[in-house]
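Residues per chain, in single letters:
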Amino acid sequence: MLTEAKNLWQEILCQIKDKIPSQNYETWLEPTEGEHLTQNTLWVKVPNAFFIDWIEEHYHTNIYEILGALNQGHLKVKYKSVEGGRERSIPSKVYQPDSSHLQPRYTFDNFIIGESNKFARAAAIAAAKTPGRQYNPLFLYGNVGLGKTHLLQAIGNYIKEHFSGLKVYYLGCEEFMNEMIDAIQSNKMVQFKNKYRRKDALLIDDIQFLEGKEGLQEEIFHTFNALYDEGKQVVFSSDRPPGALANLEERLVSRFQGGLVCDIKPPAFETRIAILKKKMASTDVHVSDEVILFIANNIKGNIRELEGALVKLFAFASLTTGTLDIDRTKELLSDLLSQNTHEITTGKIQKVVANHYNISLSSMRGKRRMKSIILPRDVAIYLSREYTALSLKDIGKEFGGRDHTTIIHAYNKIKKLLNKDNELLDEINNIIKLIKCE
Ligand code: ADP
Ligand code: MG
């Protein structure tokens, strides 16, 4: 049974290896080993308890898919940690989502509030407390790793807990499409339509996937209308605002905008610290304030990366007795830190926008109010608000000491224009691409 377990786990790892970044593979999967196989269980040895949480949370679906493909779908995978040479079997937490596709770990209680997300969180709570009655649809948008899925799932969990009769369902837009294609191929469109139109609250994540897919847009449109007419709650998330989604039917954009649209921005420094401290409080590992400050200063735009950084440090702390100082932290987090050097700053935005419109950097920051300068300046202000974690006041400082009402005014002006001016939308999308390459 021993070699069988080893081989089976090795086969699973081989297949996962191609699907995930090599650094993740090396950190989390390479140090594991198939240990023992019984009729129903494949036991896997891992270095410590953090590995169990991490693997279950991130690779659970992959592992079970591969087991299924290997005709071993009846097997459960369980983990044993070998801390300090002693073997300890840990009851494995099951992260398997329930039939609503909801994961209990996403709640409003463990969602840290900051300036960047308080509006979206308040709207999500309102929708969860009065499903279908206040904000319909609720449309949350923001960059990757800022908590959209967390809020969608928290809405679902709240409704499930407080309105036991209601049918709530969460899924990604891509999953919706795959299911729709299966239904078309197997002549089961009626069942498919019924499945979604009978929900009381439908939470569809990552709706940007709709771009350019007409059939899918059509189906989402009709599903939304059917639910809306019945007073059922619909929540969407996207990485862009509705007006900035390319190749989207006008009627769908106007549906999205017909409810409440809220954005989530990158967290400010204090919020990043609060998130790190809260996540640290749930373990017994201690990370010094100096290291926490270092992480918060260097990983800015993405909460998932903040969490990833901590988990890596926790794993280190529990594997060795070495001290976790700044140098060691830099070493352990080198991959995450290098990604963050590509962070979008106001400086980069001003430079690319000035280049694009052929104006000088000094006029971008200066006081002159010529038409040829105002539009580029407003675009740069808009992008600074959308893509950096700076406050309105700090953005004002970067633009020659303007006050925050001027910044809001410029921001709103461009936001409004984007809803009707497709040429400007294309231009801005191009500018964003250039800024990301800076
Ligand atoms: P998105 O869907 O926007 O890409 P997620 O919702 O998946 O982002 O968030 C990434 C990770 O960060 C998740 O583990 C989530 O729980 C965590 N997270 C995001 N925002 C917060 C927050 N405000 N407080 C606590 N954890 C958060
Ligand atoms: Mg998400």
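All residue numbers here refer to positions counted from 1 along the written sequence of the relevant chain. The order in which chains are written sets their letters, starting at A; the order in which ligands are written sets their numbers, starting at 1. Residue-level local features of this predicted model are given only where pLDDT is at least 70; pairs of side-chain atoms are given and counted only at 80 or more, and the full residue set underlies all totals for whole chains, interfaces and linings. Each side-chain value is worked out from all heavy atoms of the structure, with water and hydrogens disregarded.

Novice: In this structure, what is going on with the overall build of the protein chain? I would like to understand it.
Specialist: Helical segments are the DSSP runs of H or I of at least four residues, strand segments are the runs of E of at least two, and each set is numbered from the N terminus. Within the protein chain one finds 20 helices and nine strands. A compact globule built from 438 residues would reach a C-alpha radius of gyration of about 22 Å, and the protein chain, at 24 Å, matches this within 12%. By principal-axis analysis of the C-alpha atoms, the protein chain measures approximately 80 × 60 × 35 Å. Contacts spanning at least 24 positions in sequence make up 73% of the contacts within the protein chain whose residues lie at least 6 apart. Note on method: radius of gyration uses C-alpha positions; expected globular size equals 2.2 Å times residues raised to 0.38. We call two residues in contact whenever any of their non-hydrogen atoms come within 4.5 Å of each other.

Novice: Looking at this structure, I do not really get the site of ligand 1. What am I missing?
Specialist: Ligand 1 sits among 18 residues. The nearest are Ile112, Gly145, Thr149, His150 and Arg304. Side-chain atoms alone can form a polar contact between residues adjacent in sequence; in general such a contact is a pair of N or O atoms within 3.5 Å, and within protein one must be able to donate a hydrogen while the other accepts it. In this structure, asparagine 117 approaches ligand 1 through a side-chain N or O atom, which is 3.4 Å from a nitrogen atom. Between ligand 1 and threonine 149, the relevant distance is 2.8 Å, taken from an oxygen atom to a side-chain nitrogen or oxygen of the residue. For ligand 1, whose free accessible area comes to 560 Å², the fraction covered by protein is 96%. Among the elements of the structure, α5 (148–162) and α12 (303–319) are those that each provide at least two residues to the shell around ligand 1. Looking at the shell around ligand 1 residue by residue, the classes come out as six nonpolar, seven polar and five charged. Each domain's extent was defined by an automatic or database domain assignment. The residues that make up the shell around ligand 1 include at least three from each of domain 2 (118–263) and domain 3 (269–341). Put simply, a residue is near a molecule or strand once any heavy atom of it comes within 4 Å of that molecule or strand. Under the convention used here, a 1.4 Å probe and the Shrake-Rupley method define accessible areas, while residue burial counts only the protein chains that appear. Classes in brief: Ala, Val, Leu, Ile, Met, Phe, Trp, Tyr, Cys and Pro nonpolar; Asp, Glu, Lys and Arg charged; the others, Gly included, polar.

Novice: Is there a simple way to think about the sheet that holds strand β8 (residues 233–238) in this case?
Specialist: Sheet strands line up and pair through hydrogen bonds in the backbone, either parallel or antiparallel. Being paired, for any two strands, means DSSP has found at least two bridges between them. Strands sit in the order β6-β7-β8-β5-β9 across an open sheet of five strands; the sheet is parallel. Across the chains shown, the open sheet's two edge strands, defined by having one partner strand only, are β6 (168–172) and β9 (260–264). Taking each pair of neighbouring strands and ignoring which way they run, the sheet shows an average axis angle of 15°. Note: β6 against strand β7 (residues 201–205), five bridges, orientation parallel. Opposite tyrosine 170, over in β7, you have leucine 203 as the bridge partner. The axes used here are C-alpha line fits, helices contributing only the stretch in contact, and every angle between their N-to-C directions lies in the interval 0 to 180 degrees.

Novice: What's the story with the packing of helix α17 (residues 371–387) against helix α20 (residues 422–437) in this structure? I'm lost.
Specialist: In a pair of packed helices, the angle between the axes and the distance between the axes together describe the arrangement. Where α17 meets α20, the axes come as close as 12 Å, and the angle between the chain directions of the two elements is 60°. Put simply, α17 runs oblique to α20. As α17 runs across α20, the sense of the crossing is right-handed. Residues Val379, Leu383 and Tyr387 of α17 form the contact with α20, whose participating residues are Leu424, Ile428, Ile431, Ile432 and Ile435. Throughout this description, any angle smaller than 35 degrees is read as roughly parallel, any larger than 145 degrees as roughly antiparallel, any in the 65 to 115 degree range as roughly perpendicular, and the remainder as oblique. Here a crossing is called left-handed whenever its near helix is offset anticlockwise from the far helix by less than a right angle, and right-handed whenever the offset is clockwise.

Novice: Please explain the packing of aromatic side chains as it appears in this structure.
Specialist: Think of a pair of aromatic rings as described by two things: how far the centres are apart, and how the planes are tilted against each other in angle. Classification of ring pairs uses Phe, Tyr and Trp, with its six-membered ring standing for Trp, and accepts pairs whose centres are within 6.5 Å; under 30 degrees between planes counts as stacked, over 60 as edge-to-face, and the remaining range as tilted. All told, the structure shown has 14 aromatic pairs when counted by the stated rule. Measuring from centroid to centroid gives 6.4 Å for tryptophan 9 and tyrosine 79, while their planes differ by 80°, and the two rings are edge-to-face. Placement of tryptophan 9 in helix α1 (residues 2–17) and of tyrosine 79 in strand β3 (residues 76–83) is noted, with a sequence separation of 70 residues between them. Note on classification: 1.4 Å probe, protein chains only; a residue is buried when its accessible area is under 20% of the maximum for its type, exposed when over 50%, partly exposed between these limits. The exposure class of tyrosine 79 is buried, given its relative accessible area of 4%. Site record: aromatic cluster; members linked through ring pairs are Phe139, Phe224, Tyr228, Phe236 and Phe256. Counted as over-ring charges are cases with an Arg CZ or a Lys NZ within 6 Å of the ring centre that also lie within 35 degrees of the ring normal. Cation over ring: lysine 199 sits above tyrosine 169, and NZ or CZ is 4.6 Å from the ring centre. When the ring centre of phenylalanine 221 is taken as reference, the NZ or CZ atom of arginine 251 above it lies at 4.0 Å.

Novice: Is there a simple way to explain the side chain of threonine 41 in this structure?
Specialist: Residue placement: threonine 41 occurs in strand β2 (residues 41–46). Overall, threonine 41 belongs to the buried group, its relative accessible area being 11%. With residues near it in sequence (within four places) discarded, threonine 41 still touches His36, Leu75, Lys76 and Lys78.

Novice: Would you mind showing me how to read the domain arrangement of the protein chain here?
Specialist: A common way to report how large an interface is uses the accessible area buried once the components associate. Taken as a whole, the protein chain is organised into domain 1 (2–90), domain 2 (118–263), domain 3 (269–341) and domain 4 (346–437). The distance between the C-alpha centroids of domain 1 and domain 4 comes to 49 Å.

Novice: For this particular structure, what's the right way to read the state of the cysteines?
Specialist: Disulfides are covalent bonds that connect the sulfur atoms of two cysteines. By definition, disulfides here are pairs of cysteine sulfur atoms that lie within 2.5 Å. If you walk through the whole model with that rule in mind, you get zero disulfides. The cysteine cysteine 173 is free of any disulfide, with cysteine 262 supplying the nearest cysteine sulfur at 19 Å.

Novice: What is the right way to look at the side chain of glutamine 153 in this model?
Specialist: Residue position: glutamine 153 is located in helix α5. Excluding its chain neighbours within four sequence positions, the residues that come into contact with glutamine 153 are His101, Leu102, Gln103, Tyr106 and Tyr170.

Novice: Whenever I open this one, the pattern of salt bridges confuses me. Can you help?
Specialist: Two side chains bearing opposite charge may form a pair once their charged atoms approach each other closely. For this document, the term salt bridge refers to a Lys or Arg side-chain nitrogen within 4 Å of an Asp or Glu carboxyl oxygen. Enumeration over the complete set of coordinates arrives at 18 salt bridges. Glutamate 33 is paired through a salt bridge with lysine 45; the nearest N and O atoms lie 3.9 Å apart. In this pair, glutamate 33 is assigned in strand β1 (residues 33–37) and lysine 45 in strand β2, connecting sequence segments 12 residues apart. Residues glutamate 249 and arginine 251 are paired through a salt bridge, measuring 2.6 Å at the closest nitrogen-oxygen approach. Each of Lys6, Glu33 and Lys45 takes part in one network of salt bridges that share partners.

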